[in-house]
Structures are given as C-alpha cells and as structure tokens.
Amino acid sequence: MNEAPPFLFTFYATTPLDQLLKKLETSIDTGLRTSQIKQRQQQYGPNYIQEHDRNALHIILAQLKSPFFYLLAIVAIIALAVQEWYDGIVILLFITINVVVGFYQEYHAENQLSLLKKYLVHRERVIRDGKELEITSEQMVPGDIVLLFPGDRVPADIRLIMAENVQVDESVLTGESLPVSKRAENLKGPINQPTQAENILFTGTLITSGKAVGVVFAIGSSTQMGALVYLTIATMRESSFAKKVGRLGNIIIILVFTTLICVFGANVLLKAGRVNIFDLFIFSLALAITVIPEALPVVVTFSLSQGISRLAKKKVIVKRLSAIEDLGSVQLICTDKTGTLTQNSLTIAGSYARDEKRLLWSALLAAENTYDAIPKATKGFDRVLWDAVAQETKKLSEYKKIGEIPFDPQTKRNLVVVQHGTDTEIIERGMVDEIVSHCATPDKEWLKSFLEWSENEGRLGRRVLAVAIRTVQKDRAPLKSIQDNENNFELLGGISFADPIKTTAHEAIDKAQKLGIQIKVLSGDIKEVVGAVCKQIGLITDATEVLTGAELINKSADEKQALCFKYNAFARVLPDQKLEIIKILQTRYEVGYMGDGINDGPALKIADVSVAVEDAVDSARDAADVILLKKSLLVIVNGVEEGRIIFANTFKYIKTALSTNFGNFYSLAIATLLIDYLPMLPMQLLILNVMSDLPMIAISTDAVDPKQIRKPVSYQTGDILAPIVILSIVSTIFDLIYFSIFRRYEPVVLQTGWFCLSILTELVFIFSIRTEGPFFRAHRPSSTLVALALLSGTAAVALPFIPFTRRLFSFTKLEPHHLLIIAILCIIYFITTDIVKCAYYWKRSNGNKVITK
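Rules behind the numbers
- Residues numbered from 1 in each chain as written.
- Predicted model: local features only at pLDDT ≥ 70, side-chain atom pairs only at ≥ 80, totals over all residues.
- Heavy atoms only, no water.
- Buried < 20%, exposed > 50% of the residue type's maximum accessible area, 1.4 Å probe, protein only.
- Helix = DSSP H or I, 4+ residues; strand = E, 2+ residues; numbered from the N terminus.
- Arc of directions from axis to C-beta.
- Contact = heavy atoms within 4.5 Å.
- Polar contact = N/O pair within 3.5 Å; in protein donor to acceptor, adjacent residues only side chain to side chain.
- Core = buried A, V, L, I, M, F, W, Y, C linked by side-chain atoms within 4.5 Å.
- Axes fitted to C-alpha atoms, helices over the stretch in contact; angles between N-to-C directions.
- Parallel < 35°, antiparallel > 145°, perpendicular 65-115°, else oblique.
- Left-handed = near helix turned anticlockwise from the far one by under 90°.
- Nonpolar A, V, L, I, M, F, W, Y, C, P; charged D, E, K, R; others polar.

Asker: Got a minute to help me understand helix 17 (residues 505-514) in this structure?
Answerer: A turn of α-helix holds 3.6 residues, and therefore any two residues three or four places apart point the same way. Residues A505, A508, I509 and A512 constitute the buried set of helix 17. Buried residues in helix 17, looked at end-on, bunch into an arc of 95°, giving them a common side. Against the buried residues of helix 17 lie strand 16 (518-522) and helix 24 (633-672). One or two residues past the end of helix 17 sits G516, with phi positive at roughly 75°.

Structure below.
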C-alpha cells in the first residue's frame, strides 16, 4: 500500500462530515457492509505499520559480529597461510558450528516471539452492518465507524463524528506532554500541523478522558504516524542481571589476555630458541577461546525461550526476553483486588431503596452502552443490571441519551443525561460517599440506615453502587452543561454486588510466602470491601488493617514510608498515590505491579516489572512487560517462580563454565613454563571447548532445588566471582596433580590424557555445582542433561581410540592404567569440589546476608 502524502489529514479535517461519509461510502448508523469490508481488506491490507523484523540473513550476520568469530577466523587464516591444513580446516569447521548453533537459537527465539504477538493485538469497538462489534485493530479498514473510551489507544487516523469531553495524549506524535481537547465540528483551513487538527484522532495517541465516535480515513503506513516512521525498532530493556554478567565478562577478558601476554612473554624469555613462536601464539589464542564462556548467549537465549514457552502454557506472555530474569528478582508484588483475588463475576446480592424497581432501572439507564447500536450491556455492573431488568428493556425506546461523563477513576462515578417525555433526567452512579455528597436527602434517618447498610455490605466483601437522579423540566432554562447540575440530586439507594473469592487466591498467597514474595493490594474500592477480601485470603488477620488514600495523603515523607511498609492492604488509593506507594517500596524492594486501567499507566511504567491482563486498556498493555491471558495472582506468582528457575540455571552455567575453564586455563598456562612442549595442542583445546559446551546448553532444562528459589535473586559481581575463584583453584590443583603424574610420559600421552581428564572433570562438576547442598540430596537432574553429559563423556574417551579422530587431533591410545588414574582423579575431584562447595555456601548462609535492592 502506498504511503499517504503529507498532511492527508488536512482534507479530512476541513471537509464537511456528510461529504466525507459519502466519499468513504459509510454511514454513522450502520457503518460498512460485509461486502465492503472484504473488498477494502484486500485493497488496503492489514492495519499496522510495517516493521523491519530480523530475517534469517540479519541473524546470521549478527553471529559474524562476535569477537570470537574474528579471533577464530584470524587463527584459521594464519594456519592455512603456513599450510597447516588440518588446523585451518578444523578451525573453520568450529566457526561453522558456532554460527549454526547461535543462528538456530536466535532464529528459534525470534519465531517464538512472532507467534506470541497474536496474543498482544488490540481490540476495537466498531459499527458494522448496523451492529456494534469487537474486532482486532489489524482488521480495521477505512470507512469503519469506531467507538473510543478513556484508556483506548487510537488504532487509525480518525475524523471525529461525536466527541464528549474528549481529551487526548498526543505526546507520542507531537512531544506535547499535556492532553489536548478534541471536538467534532468541521474546521476551516489552512491546517498543516497535527496540533491544529482538533477534529482528528491520530494513530498511537491515547484517549485520556471522554467518549468519541469517529470514522477511519487512513490505516497502517498511510496514517500520519506511518508517514513519519521509516523504521520501527523494538528496543528491549536489558535486565539488571544481564548488565552484571556483562561487567563480569569484561573483567574476565581483561584478566585472561593480561595473563596470556605474561605467559607468552615468559615462555619467549625463559625458552629462548626452544619455543616455536607460531605454535605458542596459536596455543595462546586457543586457550583464550576455551576460557571465555562463549556459549553464555546461547544458554541464556535457550533458557529464556524455554521459559517463554513454559510461561505461555501458564497463560503468561512475555513481551521482552529479559523481563523473565527481572521476574525472578521480584520481592514484592502490588496488585489490584478485582479479578485478581476475586472472580470479577458479579451478582446482585441485595439492594436498599424505597423503590427497588426504579433504582435498578435508573442504574441501567446510566450504563455505558445501553443506548448504543446494540443496546445491551456487556460487562461488570452493566451486565448484571441488564439481566435483572431484562423484562423492562422494551421501554428503552422512550429514552434518548443527550449527554454523558464516562466513569472517572478520580471521582469514582459516571453520569448521563437522558430525555424522557417532557423531562430531562440526570442520573449518576458510583461509590457511595461520592454520590451521597451530591444529594439533598431530607430524611436523615433513612440516609443513616442506608449508610449503615452500605458499611455492613462492605464488611461482607460486597461492592455497593449508589444511584442518584435529578429531573430538569423542559420549560425551565436549557441545560448548558452537565457540570452546572451536579448537586441537589435525589438519592435512590444502593445495589450491592457480590464478587466471590477466586479458588486460586489462597494458593497464590501461600505460594508467595514460600517464595519469599510479599503481596500488597492497592485498590480503589472502599476500605470495608478491601479488608473483607484480604482477610478471607489470609493476607491480613483483621479486616481493619487497611490504609486508605485519605489517611496517607497528609502524612510526612517518613510517616508515609513507615505506613507503606507496614500495611499490606490499601483502599481508596488514587492513581498518583499508587505511583507514590510503589516509589516508596522500591527504595527497599524489587517491585512488580499489576494493573489494567488507564490510571495504572504511570505505576506500570515505573515498576521494576509491569504486568497487565489481556483485556486491559491499550495504554496498560503497551506499558506492561508481561501480559496475562488469565487474570490471577497465582499466574503472576508462577511467573516469578519461573524467572527464578531460569536465573538459577543461568547462574549454574556461569559457575560451571568459569570454574572449570579458569582451572584449566591457569594449570595449562603454568605447565607451559615447566615443559618444552605444549601441554595440549590448539586443535585439542578447540575440540575440548566444543565438547564441554554441548552438555552445558542442557543446563537450561535442569531441575532446580526448592531452596534456590525460596528467596528473590539479587546477586552482585562478588557473589558470582567468589565461588568461581575458590572452585577454579580446586580445579587447578587437580590438573597440576595430573601433570605431575603424567609429565614423565611422552608428550602425546600427557596431551591425550589431559584432554580426557578436562572434559570428564567438567562433566562431573556440573552434577556437583547444580545444587548448593550435597549432591546426593539434590533434585534429580533433567534427562536431557544426563544424556548429553554421557554422550560427551563417552565421546571424549572414544576419540583417541578411533583412527580418524586420533590422527586428526594428534591423540594416542591410552593404556588401561592411564584411564584408571584419570578415573580415580575424577572421583576424588568430584568429592572434593562437593565438600568445598557445601562449606562455602554453609558459611555464606550463616553470614545472615540480607538481600536488598
């Protein structure tokens, strides 16, 4: 589809509405016909701005940008230049293997993310064939009549047909931080800036208040946003753990190459004339390659992609890979109550009114979409009210809505103006205290009884919707504005709604406690309801242990901090108070926040991990790192547990790779100073690197001990380096013991045996380091890890006995007593590392370290 010319919106902003509708061949009342929709979908394509996704070529080129690729390529070129054909060809083979493995993992992850995008599409309300329907944003075409409400992300470029108190955040397009007002009237030109188009809604902007109806005139790349955006790049935040690993990698590289330069120089000086400079250079490069954990990106990517698959099965969709690691760091979760702890499936539990029938009818008249193309409520209170008065809905034709203030999360109410006969009725409904404040009720005793009833319903965990009405006769002054008529209402009464506790709520609280996760409920509901629900699920012991926003608002900074840490249940909190509470909690904890409304946007953006549900408003889903296909606290807790498992396995790989690699590195470097030949040939080092990395990848599938996920993961570089340094010293000692035993044998025997020992000790080390306690108390390792370890170990011992590989890698057959010595060393090494490891973690755990942010 061709891109729209600049200022396309000028024509639609200045042309009379009836002419535009005629041009687009659509109608306000009926929208497009099915035949028109199919034809336009073929003509214009899907409604999205084309992204330049990474294809196979991009991923391959990314593999070639690795410094390890350049290092190996230089060695291969040098080897081929001096006619070391075997060395050069095998090194090129290793390059190919690394590129293929890296490509497969990244390509697999890209495909998974592409498949998961289908869960993240926005849904829009449109009029088609005279009916109100819900479609995905991609299905939208020019000519569609669209209905938009607060929190909706504008899905296309739209000319307004009707606008009631509409405010729009256009910062994504104009950079202006304050919302702008919109109106439906036709404009006079010239208009050549988006900021001048007061009757146009632009793609990607956000409805912050009011209700709008409009007609789509441009979609996808033809929108104003599409004309400005030439390349859309999805930027993923790097997790704090990934940053720490990156810093650790820099330390390792500096340490390795500094050591190699010293060893190389010492060999040249001490063995003047007795050292082959080229062989020593190639050996040094190969040794550098073996010590650096180049499989770490593959292991992390594989772990994260596996985690994404497992979380998807648990109804959790991750928008950025590193968010899984961040989930593992969460120490405290802030969540709403409705739909998370309760079923969000309301039923009318009772009512309090002089005229219950009038109360229910007026409450339905104030519903959001009672008067729309299909006059039927679809969710929440409205769905229940519709069912309660279903027999009376034929009377709707007698009423006409002429004004509206949609539900406002700040005031906790909504308001409509309807015409009925000779009268104009203003109906408002919402939270009891807000509605009562607008009413003039002369019967004080009745009002007192009503408030007592409301409080009692709240203590039972029920939600009360208060309803009030005011009648304005036609022969009186015309209704100038809704805001001028917000007092002296007649209080009709209240309706209580029951929202049962979810069956998973107790399990979620129990599991969170076992994982060391604190739960805090931030709700806009009244104190009594929040207290009742939180007590039922075991979050608090007394229903009065609830802090309200009003009680918090005038406190000093120190008092606010103390209260936020003390209380687990918060009621009547405003959007800005949610933000303030999260900021306070973040001074001590890594905080996850779950929200689904437009008022949750700021809190979602500032949280360490933000979570939204599939049916959340667009702004909430856009700000979230994680999308839940099922709204449940247990789903979030399971996500945190999965993040900790992934972190534990990633950390397990780092400890294994660096401990054994550094052990071999220093022992081989020392050995070069003590003998006149290389303790292991470059080709042997490279094949050692490949074969030892094979089972390492399977660590991502391994089981994790419950102890390792009982607390939030937050490690500093010192926490990573300390066990690595200690265990690498153990590895170096055993290598040098081997060297002292085998140095009296021929060089080829020492080299072959050291190769076998290096792989076997690394394999047994995996099964020790996979748990912080004794290996025999650990959970059973994954079958994939066991299988690949056996395969790698068998291959290591078999290579010297296969004629082709023996010649290719310059091995020799080992005698039975050689293999026996190697086996004994492996067993003693395994026992020693397990003892040292247990001692280290026992001492650390008894140091009573407190994990903080």
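Asker: I'm lost on the side chain of N649 in this one. Help?
Answerer: By secondary structure assignment, the location of N649 is in helix 24. The class of N649 is buried, set by a relative accessible area of 1%. A polar atom in the side chain of N649 sits 3.5 Å from the backbone oxygen of I699.

Asker: Explain the side chain of N199 to me, please; I cannot follow it from the model alone.
Answerer: Secondary-structure assignment places N199 in the loop between strand 5 (180-181) and strand 6 (200-201). One polar contact links the side chain of N199 to the main-chain carbonyl oxygen of A13, over a distance of 2.9 Å. A distance of 3.2 Å separates a polar atom in the side chain of N199 from the backbone oxygen of E185. Ignoring any residue separated from it by four or fewer positions in sequence, one finds N199 in contact with A13, I158, R159, L160, R183, A184, E185, N186 and L187.

Asker: So what exactly am I meant to see when it comes to the nonpolar core here?
Answerer: In summary, soluble globular proteins display a tendency toward joint burial of nonpolar side chains. Core analysis: the largest hydrophobic core is formed by 57 residues, its most contacted members being Y738, W754, F755 and I822. At the level of elements, helix 10 (277-291), helix 24, helix 25 (682-697), helix 26 (717-742), helix 27 (747-769), helix 28 (783-798) and helix 30 (816-845) are the ones that each hand at least two residues to this core. With twelve residues, the single largest contributor to this core is helix 27. Leave out the neighbours within four places in its chain, and W754 touches S667, L668, A671, P679, M680, D735, Y738 and F739. Grouped together as the second largest cluster of nonpolar side chains are 43 residues, V318, I333, V530 and A648 included.

Asker: How should I be thinking about the packing of helix 24 against helix 27 in this particular structure?
Answerer: The axes of two packed helices give the description: the angle between them and the distance between them. Interhelical geometry of helix 24 versus helix 27 gives an angle of 150° and a closest axis separation of 10 Å. Taken together, the axes of helix 24 and helix 27 lie roughly antiparallel to each other. The two elements helix 24 and helix 27 cross, and the hand of that crossing is right-handed. Every residue of helix 27 that contacts helix 24 at K652, K655, T656, S659, T660, N661, N664, S667, L668 and A671 is listed here: W754, S758, E762, F765, I766 and I769. Tallied by class, the residues present in the contact of helix 24 with helix 27 amount to six nonpolar, seven polar and three charged.

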